[in-house]
Every structure is written in C-alpha cells, then in structure tokens.
Amino acid sequence: MGHSTKKKQIIIAMTGASGAAYGLRLIQKLLSKDICLHILLSDAARIVLKQECDVLLPESAKETAIALAQHLECSSENIRCYDKYDWFSPAASGSSNIQQMVVIPCSMGTLAGIANGMSDQLIERAADVMIKERKQLILMPRETPLSAIHLEHMLKLSRLGVDIIPAMPGFYHRPESISELIDFMVSRILDHLHVDNTEAKRWGE
Ligand SMILES: Cc1cc2nc3c(=O)[nH]c(=O)nc-3n(C[C@H](O)[C@H](O)[C@H](O)COP(=O)(O)O)c2cc1C
C-alpha cells in the first residue's frame, strides 16, 4: 500500500559517510511533522549506523522500517524502506509525486555516482530522477580534507541546482552537546526543505 497522496513525501537516503546520527535525527524530525518518508540505505550506511550509533538493522526492507521506527521511538506508519535494487520503488521513477530528496550523510562514493549519472543502485537512480525532473535534491557531504575530485563533483551538482549542505555545524550558538551540533545541521536541512521549523534557534533573534 502506498503513502497517502495528500501527505508531503520526501526521500531520505543514508550512505556510508560518517555522521549517521544526522540522518537519524532528520528522519525523527520529519516523522514528528507527519511527513511520509521513503528511506534508502546503502550497505555502507548500515555499517556506519552500527559503528557510530549501535543501530543494527535487519536485511529486509520491511523489517528495517520497523526497526528504525523502534529505535527512533516513532510509529512506522509513515516509513517505507526499499532494497537497493528495488526498481519498483516510487523513488525510481520520474512519474512519482515525490518532490524532494535528501542524501544525509552523503559519502564521496555516492557523490561521485550522482555527479556522473551512474544509476546502478536505487539511491543514485533516485537522485538522477530528481535532477532530470528538476525537483529538489539536497546532499550533505562529509569528508575531510576534500580532494579536487570531490570539489569538482560538488561544483558540477551545485551548478545543476542541487543544494550542497556539508556537515559543517557552526559554533556561534555555543553548543554544549553533540546533539546541539546535530540539530544545527538538521535545522538547516529542514529550512531548505521548507518544513516548519519554528523551534530552531536563529541568529539575531
Ligand atoms: C565508520 C566509517 C566511516 C566512514 N566515513 C566516511 C566519510 O566520512 N566520508 C566518505 O566519503 N566515506 C566514508 N567512509 C567510506 C564509505 O563508507 C565507503 O567509501 C563506501 O563505499 C561508501 O558507499 P556508499 O556510497 O554506497 O554508502 C566511511 C566508512 C566507515 C566504515
């Protein structure tokens, strides 16, 4: 059964860059706003989720949705997960009415795949669809230092209208915890998704 067409739908892809907690927090925030999420996880994302967040996810897409919801203490009603070769996912087609996609965190491998139109797995295909349909694609790349290859890929995508929002939290709010740093970045993504985010701390307010 598909998501209700009346609700806002967003694709959230998590890949194997460091910063899995950013993706988890974004998913939690969007679910709290009753948004339907199509969640795509690369194999490396699963490894990083276990390494950084102690989240061990089952293989099957259906069970992954339930396990994610349990971890985030949310209902799984608005979550759909898909296997990496599920070409029947709405995320794989330009005809879907999904208007926005976020890759959070985005590895340099997935960045390269997207920048070069390599659509052999669902995440890259979904991103390719967002670009060709001129819908909104947001990437949160994470690597340091960045090589000229990484920078060229980001420049190319930025020129195509992709939002590049690197995992670079600011410190002007004087964060006292890791969760404040995570929320800083997630807040920037929510703003770019035009999702209600009134709880965010803002400069000058
Ligand atoms: C714990 C851990 C942290 C990693 N951190 C990064 C990172 O910050 N940035 C990055 O580009 N790759 C990172 N990698 C390497 C990627 O996971 C690897 O290149 C992988 O092939 C990416 O695959 P994907 O793009 O399909 O997720 C990390 C790997 C592990 C296990």
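Residues numbered from 1 in each chain as written. Predicted model: local features only at pLDDT ≥ 70, side-chain atom pairs only at ≥ 80, totals over all residues.

Undergrad: Hey, could you go over the sheet that holds strand β3 (residues 79-82) for me, with residue numbers and the actual values?
TA: What the six strands build is an open sheet, ordered β3-β2-β1-β4-β5-β6; its pairing is parallel. The open sheet has two edge strands, β3 and β6 (163-164), and neither has a second partner. Note that strand β1 (residues 9-14) and strand β2 (residues 36-41) share six bridges and pair parallel. Residue pairing for β2: Gln-9 is matched across the bridge by Cys-36. (Pairing = 2+ DSSP bridges. Helix = DSSP H or I, 4+ residues; strand = E, 2+ residues; numbered from the N terminus.)

Undergrad: Now, about the site of the ligand: what can you tell me, with residues and values included?
TA: Taken together, 16 residues lie near the ligand, and Thr-15, Gly-16, Ser-42, Ala-44 and Met-108 sit nearest. Breaking the shell around the ligand down by element, the ones donating at least two residues are α2 (43-53) and α4 (108-115). When the residues that make up the shell around the ligand are grouped by side-chain class, the tally is six nonpolar, eight polar and two charged. (Near = placed C-beta within 6 Å. Nonpolar A, V, L, I, M, F, W, Y, C, P; charged D, E, K, R; others polar.)

Undergrad: Break down unusual backbone geometry for me, citing the residues and quoting the values.
TA: The linkage connecting Ile-104 with the following residue, Pro-105, adopts the cis geometry, with an omega of -5°. With respect to the element layout, Pro-105 can be found in strand β4 (residues 100-106). Going from Thr-144 to Pro-145, the amide bond is cis rather than trans, its omega being -5°. Relative to the elements of secondary structure, Pro-145 occurs in the loop between β5 (136-141) and α6 (148-159). The phi angle at Asp-34 is positive, at roughly 60°, despite the residue not being glycine. Within the element layout of this structure, Asp-34 appears in the loop between α1 (20-32) and β2. Given 12 C-beta atoms within a 10 Å radius, Asp-34 is considered exposed. Non-glycine residue Asp-54 carries a positive phi angle of around 60°. (Buried ≥ 20, exposed ≤ 12 C-beta atoms within 10 Å, placed from the backbone.)

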